[in-house]
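Observations on the model geometry
Below, each chain spelled out in residue letters.
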Amino acid sequence: MKPHARWVRISHGIATVSFVALAFTGFVILMAHPRLYWGEVGNDLTPALIELPISRNYQHGGWEKASPFFADAAGPITANRTYEIFNQNGWGRSLHFLAAWWLVLPGAMYLLSGIFGGHFRAHIWPKAKELAPHLVWRDVLDHLRLRIAPATGGPDYGLLQKCAYSFVIFVAAPLMVLTGLAMSPAVTAGFPILLRLFGGYQSARTVHFFTFVALLLFVSAHLVMVIKSGFKRQVRAMTVGE
Amino acid sequence: MNSSRLITRRRAIVMGLASAGGLFVAGRHKDLPPTYGNLLRMGDTLTYAAHRTLLPGEALVREYTEKDVTSFPATGTTDPSASEKFPLSSAYRALKSGEFRDWRLSVEGSVARSQTFSLADLKRLPSRTQVTRHTCEEGWTAIGQWTGVPLSLVLNAAGILPTARFVLFHSYDDWIDSIDLLDALHPQTILAYGMNGRDLSIPHGAPVRLRVERQLGYKSMKYLSRIVVTDEFADGGKKGNIENGWAWYTGI
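Residues numbered from 1 in each chain as written. Chains lettered and ligands numbered in written order. Predicted model: local features only at pLDDT ≥ 70, side-chain atom pairs only at ≥ 80, totals over all residues.

Some details on the overall build of chain B
This is how it is decided: Helix and strand assignments follow DSSP, with helices taken as H or I runs no shorter than four residues and strands as E runs no shorter than two, numbered in order from the N terminus. Labels follow a simple rule on C-beta atoms placed from the backbone: if 20 or more others lie within 10 Å of a residue's own, it is buried; if 12 or fewer, it is exposed; otherwise it is partly exposed. Contact definition: two residues whose C-beta atoms, as placed from backbone geometry, lie within 7 Å.
Looking only at helices and strands, chain B has six helices and 10 strands in total. Here chain B, with 252 residues, has 46% of them falling under the buried criterion. Taking the intrachain contacts of chain B between residues at least 6 apart in sequence as the baseline, contacts between residues at least 24 apart amount to 64%.

Comments concerning the overall build of chain A
On a plain count of helices and strands, chain A comes out with nine helices and four strands. Its helices and strands taken in sequence order, chain A reads α-β-β-β-β-α-α-α-α-α-α-α-α from the N to the C terminus. Expressed as lengths along the three principal axes of its C-alpha atoms, the size of chain A is roughly 70 × 40 × 35 Å. Relative to its full complement of 242 residues, chain A shows a buried share of 27%. When contacts within chain A are restricted to residue pairs at least 6 apart in sequence, those whose partners lie at least 24 apart make up 64%.

Section: the packing of helix 5 (residues 159-182) of chain A against helix 8 (residues 201-228) of chain A
All names here are of chain A. Our working definition: Geometry is summarised by axes, namely lines fitted to C-alpha atoms with helices restricted to the contacting stretch, and by angles between N-to-C directions that run from 0 to 180 degrees. In this scheme, roughly parallel covers angles under 35 degrees and roughly antiparallel covers those over 145, while 65 to 115 is roughly perpendicular and the rest are oblique. Two helices cross in a left-handed way if the nearer one is turned anticlockwise from the farther one by less than a right angle. They cross in a right-handed way if the turn is clockwise. Basically, the charged four are Asp, Glu, Lys and Arg, the nonpolar ten are Ala, Val, Leu, Ile, Met, Phe, Trp, Tyr, Cys and Pro, and anything else, Gly included, counts as polar.
Running from N to C, helix 5 and helix 8 cross one another at 150 degrees; their axes reach a closest spacing of 9 Å. Accordingly, the angle class assigned to the pair helix 5 and helix 8 is roughly antiparallel. Every pair of crossing elements has a handedness; the one defined by helix 5 and helix 8 is left-handed. Where helix 5 approaches helix 8, its residues Ala164, Val168, Ala172, Leu175, Met176, Thr179, Gly180 and Ala182 are matched on the opposing element by Tyr201, Ala204, Val207, His208, Thr211, Ala214, Leu215 and Phe218. Residues of the contact of helix 5 with helix 8, tallied by class, amount to 12 nonpolar, four polar and no charged.

With respect to the sheet that holds strand 10 (residues 224-230) of chain B
Residues and elements named next belong to chain B. How we decide: Should DSSP find at least two bridges between two strands, the strands are taken to pair.
The strand order across the open sheet built from five strands is 2-1-10-5-6, with neighbouring strands paired in mixed fashion. Of all the strands in the sheet, the pair left with one neighbour each is strand 2 (115-118) and strand 6 (176-180). Mean inter-strand twist for the sheet, computed between neighbouring axes without regard to direction, equals 20 degrees. Sheet analysis places strand 1 (residues 104-109) next to strand 10, joined by four bridges and oriented parallel. Directly across from Val107, in strand 10, lies its bridge partner Ile227. Together, strand 1, strand 2 and strand 10 form the strand contacts of helix 5 (residues 151-158), whose direction differs from that of strand 2 by roughly 140 degrees.

Regarding the interface of chain A and chain B
Taken residue by residue, the interface counts 44 residues in chain A and 46 residues in chain B. Every element with two or more residues in the side of chain A that touches chain B is listed here: helix 1 (6-32), strand 4 (77-78), helix 2 (89-116), helix 6 (185-190) and helix 8 of chain A. No other element matches helix 2 of chain A, which puts 11 residues into the side of chain A that touches chain B. Each residue belonging to the side of chain A that touches chain B can be placed in one class, and the counts come to 25 nonpolar, 14 polar and five charged.

As for the domain arrangement of chain B
Residues and elements named next belong to chain B. Our working rule: For the domains described, the bounds stem from an automatic or database domain assignment.
As assigned here, chain B comprises domain 1 (1-60) and domain 2 (61-244). Taken together, the eight residues of domain 1 in the interface contact nine residues of domain 2. Its residues placed into classes, the side of domain 1 that touches domain 2 shows three nonpolar, one polar and four charged.

Here's the deal with the nonpolar core
Soluble globular proteins: nonpolar side chains tend toward being buried together. For clarity, the cut-off: Note on definitions: a nonpolar core is a set of buried residues drawn from Ala, Val, Leu, Ile, Met, Phe, Trp, Tyr and Cys, linked by C-beta atoms within 7 Å.
Within the largest apolar cluster, 39 residues are counted, with the highest numbers of intra-cluster contacts made by Leu122, Val154, Leu155, Val167, Leu191, Ala192 and Val208 of chain B. For this core, the secondary structure elements donating two or more residues are helix 3 (89-97), strand 1, helix 4 (119-124), strand 4 (141-150), helix 5, strand 5 (166-171), strand 7 (190-195) and strand 10 of chain B. Per-element tally for this core: the top contributor is strand 7 of chain B, with five residues. Not counting the four nearest positions on each side in its chain, Val167 of chain B is found in contact with Ser178, Ile179, Leu181, Ala184, Ile227 and Val229 of chain B. With 14 residues, the next largest nonpolar core counts Ala182, Ala186 and Leu195 of chain A together with Tyr218 of chain B among its residues.

With respect to the pairing of strand 2 of chain B
Relative to strand 2 of chain B, strand 1 of chain B is paired through four bridges, and the arrangement is antiparallel. Among the inter-strand pairings, Leu105 of chain B is bridged to a residue of strand 2 of chain B, identified as Phe117 of chain B.

Thoughts on helix 5 of chain A
All names here are of chain A. Rules: Take the residue count of a helix, subtract one, and multiply by 1.5 Å to get its expected span. A residue's bend is given by the angle between axes fitted to the 7 residues ending at it and the 7 residues starting at it.
Compared with an ideal rise of 1.5 Å per residue, which puts 24 residues at 34 Å, helix 5 spans 33 Å between its outermost C-alpha atoms and is within 8% of the ideal. The sharpest bend along helix 5 comes to roughly 35 degrees, located at Val168. Among the residues of helix 5, those classed as buried are Gln161, Lys162, Met176, Thr179, Gly180 and Ala182. Residues of helix 5 that are buried sit in contact with helix 2, helix 3 (119-124), helix 6, helix 7 (193-198) and helix 8.

Remarks on the environment of Leu98 of chain A
When you line up the elements, Leu98 of chain A lands in helix 2. Sequence separation between Leu98 of chain A and Ala122 of chain A is 24 residues; the distance between their C-alpha atoms is 33 Å.

Comments concerning the pairing of strand 4 of chain B
Residue and element names in this part refer to chain B. For strand 4, the tally of buried residues reaches 10 of 10 residues, placing the bulk of the element in the interior. As paired elements, strand 3 (residues 128-135) and strand 4 share eight bridges and run antiparallel to each other. From the neighbouring strand, Thr135 faces strand 4, where its bridge partner is Thr141. Between strand 3 and strand 4, which pair antiparallel and follow one another directly, the connecting turn spans five residues, one of which, Gly139, has a positive phi of 130 degrees.

Following this line, the structure appears as structure tokens:
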């Protein structure tokens, strides 16, 4: 057993604060328009992929009679909104970005240290021989039966634990950043590849949401494991480093 | 090996402190929006400074074809004459009944020759038609075709003075907002009088609205009444975004 390195503990603390702020403000932002779409375009006058019943804006129906833009009455329409929507994006979005900025430098430091310091290779990335089917199966069964090894206060990590951390660091976090940037009109003017990568603004927004859901599931499982393996011991290990 | 890693870390910390310092300095620079000591607005200013430093200033947003035009909700003010809370609502009602023949757009401030333009004057200038995506801050998007005169032509006709830094817009629904010269002179920033091949309708900002394609929808102000070129940052105070709790820069 090794204790958590100081830079790991610091970046974990920063990431925790940032995650809570991003998750909360992200939810507030979603409440303003709780509809998800695929492609470049989506609004109240076009069909949604998913409608989330998470604010009074859900299917509010406050629209005047629609009128078509062109001679073709089945074509694009416009309508005036008559409903005062729930919208707290003024502070919500700015706090969302502040929390994202707060993560940029420590995040970059964490990635560089992890890659060049050998932390990812030694402790995070699962080794090929660990991925033998019977080992994977045994770890899955242990987790299902909640047979959790007691806290050691640092690496080495279990197999599913490594897989979960790898998913967060190498898949979810980069996806969050890229889909976030793909929703910026100024950034995508300079780097249109971001829109092509996700198939449009609304696709990027939808992927951003589902990646958040995946992260939320990770954090829930992570907290259960911390509690099951010895809460006090684990929290001390990740904060003061004992 | 170990010592070189230490230096990297120390450098990273120094860089971190330097950028945190930059956040506060940014609030005092005359070309940057004020933050009023507000942490949220400091974040906005950091985004603005980062965009202006890292992004290509002349990059154009994607343009679509007419076939890509979609349904487009009209939100916010949909008729300035309908609400008496706007001081200019009766003025707008009069303009509306005259089909905007008496509408005039004044261009003043840090310009060599203050001017006023009628709708016909604007339509006589070279026009630009663009099919672009409107990105509403609420989270929805829509594609529309816009026809209008590039703002740069109107500003150049008035002769912007070398001291000018920002362009401030007043509207009939009592908003004031501004953009910097980089966005004001951008080729896709237009004063739009046409939408989807017709005259701009009242719900979408008649007779003339701004299109600022590299920012969120609320920067594309509807119902324009006045343009003022300024040397210093101004966003309209009580009628502007910052005092109403909204970000001034929304390139996002």
